[in-house]
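Notes for the structure review
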Amino acid sequence: MSKSLLIDILPFEVTSQQINESMSDNRGRLVVSGVLQRANSKNQNGRIYPKEVLIREAKKYTKEFIKQSRALGELDHPESSVVNLKNTSHNVKEMWWEGDNLLGKCEVLSTPAGNILKELFQAGIKLGISSRGLGSVQQSEAKSSAQEVQDDFELIAFDFVSNPSTHGAFMYPVNESVDPYTRTCGKWCKVESIINDIIRG
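Residues numbered from 1 in each chain as written. Predicted model: local features only at pLDDT ≥ 70, side-chain atom pairs only at ≥ 80, totals over all residues. Heavy atoms only, no water.

1. Structural notes on the sheet that holds strand E8 (residues 137-139)
Note the following rule: DSSP-based pairing: two strands are paired if at least 2 bridges between them are found. Counting from the N terminus, the helices are DSSP H or I runs at least four residues long and the strands are E runs at least two residues long.
One open sheet holds the 3 strands; their spatial order is E3-E9-E8, and the pairing between them is mixed. Each edge of the sheet is formed by a strand with only one pairing partner; in this case those strands are strand E3 (47-48) and E8. As judged from the 3 bridges shared by E8 and strand E9 (residues 147-149), these two strands associate in the antiparallel manner. Each residue of the ladder has a partner; that of Gln-138, found in E9, is Glu-148.

See the structure below:
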């Protein structure tokens, strides 16, 4: 079974009080926390992530990336399954579980993309957190309207993205075969291109 690039977005809520407290407590650095991914429930893309798969990948990500201070993520919808250092905006500092919610703490970096992310947060712009990974899906036996992410799933990164109000917008089709280093976004490419042009000036 071929793997696809799986992108799933959750709202990431940060209040102005949390921003002010974070910058005060961290010597001007902005550190934000929230839900990164959710297990065992159908998301707006119609996918279910089994908890055992997310637990395994969270442990692996913590060991190989967070503990080595290289759990980098990008601002905006990524162009490939490889993290682009020129567009990194944040570093995931830690992750933990609360029930079926995988939470995390992210430090916003003083990179060009990180400075944009910081300004967006301070302006009260509603953003989403996007999990990026490679894996395959199969029709869920428990829920006929859902697809279950399979055991071959590999977590790549968490990115901050514009949070679409329309369910399914900016999501990449799960039945598309994706080269490990590229992906196609079909009819959403033009929309993404316009948003990228606006954000990047």
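2. Points about the confidence of the model for the protein
The following threshold applies: By definition, pLDDT measures how confident the predictor is in each residue, and it falls between 0 and 100. Contacts are assigned to residue pairs that have any heavy atoms within 4.5 Å of one another.
With 80% of its residues at a pLDDT of 70 or more, the protein has an overall mean of 83. Of the regions scoring below 50 in pLDDT, residues 165-189 engages in 54 contacts with residues more than four places distant in sequence or in other chains.

3. Observations regarding the sheet that holds strand E6 (residues 101-108)
Formally: What counts as an axis is a line fitted to C-alpha atoms, over the stretch in contact for a helix, and the angles between N-to-C directions run from 0 to 180 degrees.
Pairing within the open sheet is antiparallel, and its 4 strands lie in the order E2-E6-E5-E4. Single-partner strands in this sheet number two, and they are strand E2 (31-38) and strand E4 (72-74). Strand-to-strand, the axes of this sheet are offset by a mean angle of 40°, without reference to chain direction. Of the strands in this sheet, E2, E4, strand E5 (88-98) and E6 are in contact with helix H2 (residues 51-66), which crosses E5 at around 130°.

4. Describing the pattern of salt bridges
For clarity, the cut-off: A carboxyl oxygen of Asp or Glu within 4 Å of a side-chain nitrogen of Lys or Arg is what we treat as a salt bridge. We call a residue buried when its accessible area falls under 20% of the maximum for its residue type, exposed when it is over 50%, and partly exposed in between, using a 1.4 Å probe and counting protein chains only.
Tallying each qualifying case throughout the model produces 10 salt bridges. Notably, a salt bridge pairs Glu-154 with Lys-3, separated by 2.4 Å at the nearest N-O pair. You can see Glu-154 sitting in strand E10 (residues 154-162) and its partner Lys-3 sitting in the segment before strand E1 (4-12), a full 151 residues away along the chain. For Glu-154, a relative accessible area of 31% translates into the label partly exposed. The class for Lys-3 is partly exposed, based on a relative accessible area of 27%. Between Arg-56 and Asp-151 there is a salt bridge; the shortest N-O distance is 2.8 Å. Within this pair, whereas Arg-56 is found in helix H2, its partner Asp-151 is found in the loop between E9 and E10, the two being separated by 95 residues in sequence.

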